[in-house]
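# Breakdown of the fold
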Amino acid sequence: MQEPSKPPVPVLPGVPAQRTVVLGQRGAQDLDSDGLPTEPMKINMGPSHPAMHGTVRMVITVDGERIRDADIQLGYMHRCFEKESEYATYTQIFPYTDRLNYVSPLCNNVGFALAVEKALDITRKIPERAQYIRMIVSELSRITDHLTCLGASSMELGAFTIFLWMLKAREWLFTDLEEVTGARLTHSYVRVGGVVADLPTGWIEKVRDRLTRVEAVIDECDQTISGLRIFRDRMENVGPFTREQAIAWGWTGPALRSAGVDYDVRKDAPYLFYDRMEFDVPVGDRGDCYDRFMVRMIEMRQSIKIVRQCFDQMKPGDVIVDDGRIALPPKNEVYNSIEGMINHFKIIMDGIRVPPGETYSYSEGGNGELGFFIVADGSGRPYKLHCRAPCFYVLQTAGAQIKNALISDIVPVFGMANYIAGECER
Amino acid sequence: MGLEFTTTKMADAIAWARKFSLFTYPFVTACCGMEYMSTAGPKYDVARFGAEFPRFSPRQADLLFIVGTITEKMGPVLSRIYQQMAEPKWVVAFGVCACTGGFYQNYNTMPGADQVVPVDVYIPGCPPRPEQVLDGLIMLQERIQKHEGHSQVRYREEQALANKQEALAQIRLPAAGK
Amino acid sequence: MSQKILDRLLEKFPDAVLSTSNFRGDEVAIVKRERALDVLRFLKDDAECLLDMARTVTAIDWLGRDGDRFEMVYQLYSITRKHGVRIKVPVPEDDPTIDTCTTLWPGMNWAEREAWDMYGIKFRGHPDLRRMFMYEEFVGHPLRKDYPKEKRQPLIRREGMV
């Protein structure tokens, strides 16, 4: 027989009586500290913290488990990309662009190459095969970006297996990209006017086979985690943003698409040959972390579709534009002819001379609209180069997303913002 | 045989145990973090070297893996984390940015993590391949076995100084004026 | 980018627009600093332009050129109309201030903080104008052309290090 519940007993004179709570009925609302004298506490999280998300420092003011205020402090990874670019020739900037969004480096390379080509006004002269190769490696890089993002986020939420499976798939793609570009991670494969070298023989068949296996891994991960009750509870309704808010705050990419806005640079302002490709753009409706997760999951499959179409449509040809002022001439010409040697010398020492003017060129990076604003002054080095980093604008709102949420909601919010320190802080 | 033989063997045995059970604190900042994830991942498994489990608190770790670029803003943070670790502790600079600053030479990049903390093993590469990282880890293990890590050398020197001071204190000097 | 926006702009603000141009397909309008916020507000609210997303806000340091030293660059885009424009606003060196655009596009909060940090341009009315990337003890504004690239201001060094 149950005892009738007793009235609450005051603990100390002047202190309001404590509420008695029956065990098993605690909900999230009981974590609020009503009835006890409390004061908000300022906690510092970072800049070195267990999430693999690089270095960001958050100073959060918590009231119990609830976050009342969050201040996100950046700058711990500011590697002065813009200042370094003012002192480097356009070709020397490619390694710096690799290290912007370092999980999808080829997307950055391609974006920057497109910007310089727009400034030079040679966009129509790039050989077709080069454009197809750029699309292929761009999409493979996008797949590695999403694999890393989803894998690392799942690991932080406790699903370590998903991390290992996605890392396994990522390793396969790294091996394939290494065969083409020479490096696993920071490729620097794209050049102004095309790409460095053609695809190796037999690579296409190898990658076709590989993509089937990557698709199987993605399906396996999707089936395992997307419907999981615990996962959905942690990700759904965490950090929801409406359409208007998302646009006003400058979101682009998977985050904007999860809020219901159908904006993808590949569809709205097609570059390379994306207008010849058939692919879908997933759009969410709530703008919360779960939608962002699923948008990225579906985008990976669409990227695989694009790569397959590129393989079917590609034809043999040149891989770099045939202009001695822009592309390095082939080595036998450099050693055996005067023009070749002079062109080579000029491009290496002075850089590619871009006529004075300002251009803004944008492409779809792993996180959204990656823009490059180049101010050229006629020499081989840019006067100013500004990179519009997509995750900079998404991270801005992370403070608003975690307001009045629990501390454990920080993990999905930061995971799904896909904050890549190199890109955000340039 | 004497006491020295036993203590030397024991010191070697302890070093053997320490080198095969490194608790790493992955101070991950930048792109090298991706290669760190790959090294810890299933293909280039670092668990077979015993250094698998990252300890996310410096108080519980003995190997500070500085992965990626260190900026001037990050300097005090790195120094504090190094000071929070208990002896013996080792530091590995992973990636050329942590070794010498990499190809970043600007107002915010520190030219190497060794401006702030003493580094035992430098692993160059941008980013280093996981095989290079494992090579660096084996090199560190050899240093640990030979008691050559910075913190081990420091400990030996402090012990020697303490012994010397103790020995000097025990010498009875003839009383002045006698 | 769209010529339509420039036409509307010239129609509505003939005195505020200093010049317009089109380079490599990008429409650009240079606007006077005093009217900049009105122009931006018009571009955001006007039914034909409806530039609801600001892509980025940055600044250029034209050291050594005649005229104003800095130039604010607003890259604007309309998700609904799918057109965009670049607005440039010259800012003089002796009074590097300009009205904030965070009232129109809250997403430019951090971008303006970055412009303050890197160039030293103050934004009137900005809710939280602090340094974005550099630490508070840093002296100077690094992306200005007269700041040397390799001038470090170290916070901490080990003993024996320079």
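What you see is a predicted model, and the numbers here were worked out from it, not measured in a lab.

## A word on the interface of chain A and chain B
Taken together, the 28 residues of chain A in the interface contact 29 residues of chain B. At the level of secondary structure, the elements contributing two or more residues to the side of chain A that touches chain B comprise helix H1 (81-85), helix H5 (160-181) and helix H17 (421-425) of chain A. The biggest single contributor to the side of chain A that touches chain B is H5(A), with four residues.

## Let's talk about the nonpolar core
A:Val116, B:Leu64, B:Ile66, B:Leu78, B:Val92, B:Ala93 and B:Phe94 are the most contacted members of the largest nonpolar core, which has 216 residues in total. No other element matches the 13 residues that helix H4 (residues 128-156) of chain A contributes to this core. Not counting the four nearest positions on each side in its chain, A:Val116 is found in contact with A:Tyr90, A:Val192, A:Val354 and A:Ile374.

## Digging into the interface of chain B and chain C
On the chain C side, the residues contacting the 10 residues of chain B number 13 residues. Considered class by class, the residues forming the side of chain B that touches chain C number three nonpolar, five polar and two charged.

## Here we look at the sheet that holds strand S7 (residues 369-376) of chain A
Residue and element names in this part refer to chain A. On the basis of which strands lie adjacent, the open sheet formed by three strands has the order S6-S7-S8 and antiparallel pairing. The outermost strands of the open sheet, each flanked by one partner alone, are strand S6 (357-364) and strand S8 (384-388). If you compare each strand with its neighbour and ignore which way they point, the axes differ by 15° on average. Across eight bridges, S6 lies against S7 in antiparallel orientation. Of the residues in S7, the one forming a bridge with Glu-358 is Val-375.

## What to know about the packing of H4(A) against helix H11 (residues 289-313) of chain A
Residue and element names in this part refer to chain A. Where H4 meets H11, the closest approach of the two axes is 9 Å, and the angle between their N-to-C directions is 155°. By the criterion of interaxial angle, the relationship of H4 to H11 is roughly antiparallel. At the point where H4 passes H11, the crossing takes the left-handed sense. On the side of H4, the interface is formed by Tyr-132, Met-135, Ile-136, Glu-139, Leu-140, Arg-142, Ile-143, His-146, Cys-149 and Leu-150, while H11 contributes Phe-293, Arg-296, Met-297, Glu-299, Met-300, Ser-303, Ile-304, Ile-306, Val-307, Cys-310 and Gln-313. Partitioned by chemical class, the residues of the contact of H4 with H11 number 14 nonpolar, three polar and four charged.

## Comments concerning the environment of B:Arg18
Mapped onto the elements of the fold, B:Arg18 is located in helix H1 (residues 3-19). As a C-alpha pair, B:Arg18 and B:Ile144 span 126 residues in sequence and 7.7 Å in three-dimensional space.

## Thoughts on the sheet that holds strand S5 (residues 84-91) of chain C
Residue and element names in this part refer to chain C. The sheet built from five strands is open, its strands ordered S1-S2-S5-S4-S3 with mixed pairing. Edge positions in the sheet fall to strand S1 (17-23) and strand S3 (53-61), since each of these pairs with one other strand and no more. Each strand of the sheet is rotated relative to its neighbour by a mean of 20°, with strand direction disregarded. Packed on one face of the sheet, helix H2 (residues 36-45) meets strand S2 (26-31), strand S4 (70-77) and S5 and runs near 170° to S5.

## Some thoughts on the environment of A:Gln73
All names here are of chain A. Within the element layout of this structure, Gln-73 appears in strand S3 (residues 66-73). What makes Gln-73 partly exposed here is the crowd of 18 C-beta atoms within 10 Å. Considering only alpha carbons, one finds Gln-73 and Pro-47, 26 residues apart in sequence, at a separation of 8.7 Å. Once residues within four sequence positions are removed from consideration, Gln-73 is found in contact with Arg-57 and Val-59.

Conventions adopted
Residues numbered from 1 in each chain as written. Chains lettered and ligands numbered in written order. Predicted model: local features only at pLDDT ≥ 70, side-chain atom pairs only at ≥ 80, totals over all residues. Contact = placed C-beta atoms within 7 Å. Helix = DSSP H or I, 4+ residues; strand = E, 2+ residues; numbered from the N terminus. Core = buried A, V, L, I, M, F, W, Y, C linked by C-beta atoms within 7 Å. Buried ≥ 20, exposed ≤ 12 C-beta atoms within 10 Å, placed from the backbone. Nonpolar A, V, L, I, M, F, W, Y, C, P; charged D, E, K, R; others polar. Pairing = 2+ DSSP bridges. Axes fitted to C-alpha atoms, helices over the stretch in contact; angles between N-to-C directions. Parallel < 35°, antiparallel > 145°, perpendicular 65-115°, else oblique. Left-handed = near helix turned anticlockwise from the far one by under 90°.

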